[in-house]
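A look at the structure
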Amino acid sequence: HTGAAGLTLGGGFGRLGRRFGLTCDNLVSVDVVTAGGDVVRASKDENGELFWGLRGGGGNFGIATNFEYRLHEVSPTVLGGPIIFPFARAREVLDFFVEFTAGAPDELNLDCAIVAPPGGKPMVILEVCYSGDLARGEKVIAPVRSFIKPLADQVKAMPYLALQTGGDEANAAGRNYYVKSGFVESPDPGLFDAMVSGFGPAEGRATVMLLQQLGGAIGRVRPDATAFNHRNARFDLLLLGGWADGTRTPEHTAWIKGFWSGLEPYTRGYYFNTTMGDSQEK
């Protein structure tokens, strides 16, 4: 459940990031109450070192009370939605995804998720968000729709806000969650083997493994320009579990940690906003 402040201070991924950069890249200024009780403003012209740290370094530098952002004009309608494939074709989908996204335009955000509903059959989903001209978008995503036959193609012109809120019900408040994440700079075939081998459903737990596309405007910022320095990463890899029965939290958390141990060697660093209060090595 993302708040604007935490999103910004940790970096800020989103479906428009490849086009306009991270949320913190669009931060103009921020007012901060320091540990000493002073109220200061940080921007490129005031308290520059503090401004550097606030863009990606998290909430460690004080209490941020006011944010000013650079805005962008975007059509309220995007070409968006999921294309669903059988889990048996996961390797083919992953190989296509990595190759296709290497040349994708900034207007396209394409994420690849391997999803196992509680007790159900796992599936592979490519989620499309094309925020530019819709007619051009149809041509851009044509290969995504045709490289193999999908189980379902639900991509259509839709309100951006509808796409943004599409996962709210599945990630409702009051459930239990655990996540691990790491940045992937150069996908290795061994990573795909580790992602597919042993992945499957569990009673009472929804499990999602997500390769979130980065690059574009995110990667055109110098790594040392802000505290968020993972500018060379092509993807953010996440392993997320969600369940309702709190008595099974140790069991589900242990599975996620164990499965992640096979993925982590293929990652380098991790996203501050997905830390869960324990060591990333565990």
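For the structure itself, consult the block above.
This report concerns the structure included in the present document. None of these values were measured; they are calculated from a predicted model.

As a further point, take the overall build of the protein chain. A count of helical and extended segments in the protein chain gives 8 helices and 11 strands. Structurally, the protein chain occupies a C-alpha span of about 55 × 50 × 35 Å along its principal axes. Across the 282 residues that make up the protein chain, the buried fraction comes to 45%. Within the protein chain, counting contacts between residues at least 6 apart in sequence, those at least 24 apart form 77% of the total. Side-chain charges of the protein chain comprise 26 positive and 31 negative groups, with the mean position of each set lying 4 Å from the other.

On to the sheet that holds strand S1 (residues 27–33), then. Ordered by their spatial adjacency, 3 strands build an open sheet running S2-S1-S3, and the pairing between neighbours is antiparallel. Bordering the open sheet on either side are strand S2 (39–43) and strand S3 (63–69), each of which pairs with just one other strand. Averaged over all neighbouring strand pairs, the angle between strand axes comes to 20°, with direction disregarded. By the bridge criterion, 6 bridges tie S1 to S3 in an arrangement that is antiparallel. Looking at the pairing, serine 29 lines up with glutamate 68 of S3.

It is worth spelling out the pattern of salt bridges at this point. In the structure shown here, the tally under the stated rule is 11 salt bridges. Arginine 15 is the partner of glutamate 127 in a salt bridge, and the nearest nitrogen-oxygen pair spans 2.9 Å. Taken as a pair, glutamate 127 in strand S6 (residues 123–130) and arginine 15 in the loop between helix H1 (4–10) and helix H2 (17–20) lie far apart in primary sequence, 112 residues in all. Glutamate 127 sits in the buried class, given a relative accessible area of 17%.

Turning our eyes to something else, we now look at the nonpolar core. Counting residues in each nonpolar core, the largest one holds 44 residues, and the members touching the most others are Leu108, Leu126, Met195, Met209, Leu211, Leu237 and Leu263. Looking at this core, the element that brings in the most residues is helix H4 (residues 90–101), giving 7 residues. When sequence neighbours within four positions are dropped, the list of residues in contact with methionine 209 reads Cys112, Ala113, Ile114, Met195, Phe199, Leu237, Leu238, Leu239, Phe259 and Leu263. In terms of nonpolar packing, the next biggest core, distinct from the first, is built from 9 residues, Phe13, Cys24, Ile218 and Phe228 among them.

Moving on, we get to the layout of surface pockets. Taken as a whole, the second largest pocket holds about 200 Å³ of empty space. As for the second largest pocket, its lining consists of 15 residues, of which Asp25, Asn26, Leu27, Arg55 and Arg70 are closest to the centre. Of the residues belonging to the lining of the second largest pocket, the class tally is 7 nonpolar, 4 polar and 4 charged.

Let us now look at the pairing of S1. Of all the 7 residues making up S1, 5 are buried; the element is thus mostly covered by neighbouring parts of the structure. Here S1 runs beside S2; their pairing, made up of 5 bridges, is antiparallel. Following the sheet pairing, valine 33 is matched in S2 by valine 39. Here S1 folds back onto S2 in antiparallel fashion, the turn holding 5 residues, of which glycine 37 has a positive phi close to 90°.

Looking at where aspartate 25 falls in the secondary structure, it is placed in the loop between H2 and S1. Polar contacts involving the side chain of aspartate 25 include one to the main-chain amide nitrogen of leucine 22, which spans 2.9 Å. A polar contact is formed between the side chain of aspartate 25 and the side chain of arginine 231, at a distance of 2.8 Å. Dropping the residues within four chain positions of it, aspartate 25 is found in contact with Arg70, Val221, Thr226 and Arg231.

Glancing now at the packing of H4 against helix H7 (residues 189–196). Axis angle and axis distance: for two packed helices, these are the angle between their axes and the distance between the axes, and together they describe the pair. Interaxial distance between H4 and H7 falls to 10 Å at its minimum, and their mutual angle equals 140°. By the angle between their directions, the pair H4 and H7 is classed as oblique. Crossing angle aside, the handedness with which H4 passes H7 is right-handed. Contacts from Ala90, Arg91, Leu94, Asp95 and Val98 of H4 reach H7 at Pro189, Phe192, Asp193, Met195 and Val196.

Residue asparagine 47 is not a glycine yet carries a positive backbone phi of 50°. Along the polypeptide, asparagine 47 turns up in the loop between S2 and helix H3 (48–54). On the basis of relative accessibility, which here comes to 41%, the residue asparagine 47 falls in the partly exposed class.

Scanning the entire structure with this criterion turns up 13 aromatic pairs. Ring geometry for phenylalanine 13 versus phenylalanine 228: centroids 5.9 Å apart, planes at 90°, classification edge-to-face. Of this pair, phenylalanine 13 sits in the loop between H1 and H2 while phenylalanine 228 sits in the loop between strand S10 (205–213) and strand S11 (235–243); the two residues are 215 residues apart in sequence, bridging distant segments of the chain. Across the pair, exposure class does not vary: phenylalanine 13 and phenylalanine 228 are buried alike. A cation sits over an aromatic face here: arginine 205 above tryptophan 255, 4.2 Å from the ring centre.

Quick notes on the rules
Residues numbered from 1 in each chain as written. Predicted model: local features only at pLDDT ≥ 70, side-chain atom pairs only at ≥ 80, totals over all residues. Heavy atoms only, no water. Helix = DSSP H or I, 4+ residues; strand = E, 2+ residues; numbered from the N terminus. Buried < 20%, exposed > 50% of the residue type's maximum accessible area, 1.4 Å probe, protein only. Contact = heavy atoms within 4.5 Å. Lys, Arg positive; Asp, Glu negative; His and termini not counted. Charge placed at Lys NZ, Arg CZ, Asp CG, Glu CD. Pairing = 2+ DSSP bridges. Axes fitted to C-alpha atoms, helices over the stretch in contact; angles between N-to-C directions. Salt bridge = Lys/Arg side-chain N within 4 Å of Asp/Glu carboxyl O. Core = buried A, V, L, I, M, F, W, Y, C linked by side-chain atoms within 4.5 Å. 1 Å grid on protein atoms, 1.4 Å probe; cavity = no way out; pocket = protein on both sides within 12 Å on 5 of 7 lines; lining within 4 Å. Points joined across faces, edges and corners; volume = space filled by probe spheres on them. Nonpolar A, V, L, I, M, F, W, Y, C, P; charged D, E, K, R; others polar. Polar contact = N/O pair within 3.5 Å; in protein donor to acceptor, adjacent residues only side chain to side chain. Parallel < 35°, antiparallel > 145°, perpendicular 65-115°, else oblique. Left-handed = near helix turned anticlockwise from the far one by under 90°. Phe/Tyr/Trp six-rings, centres within 6.5 Å; stacked < 30°, edge-to-face > 60°. Lys NZ or Arg CZ within 6 Å of the ring centre and 35° of its normal.

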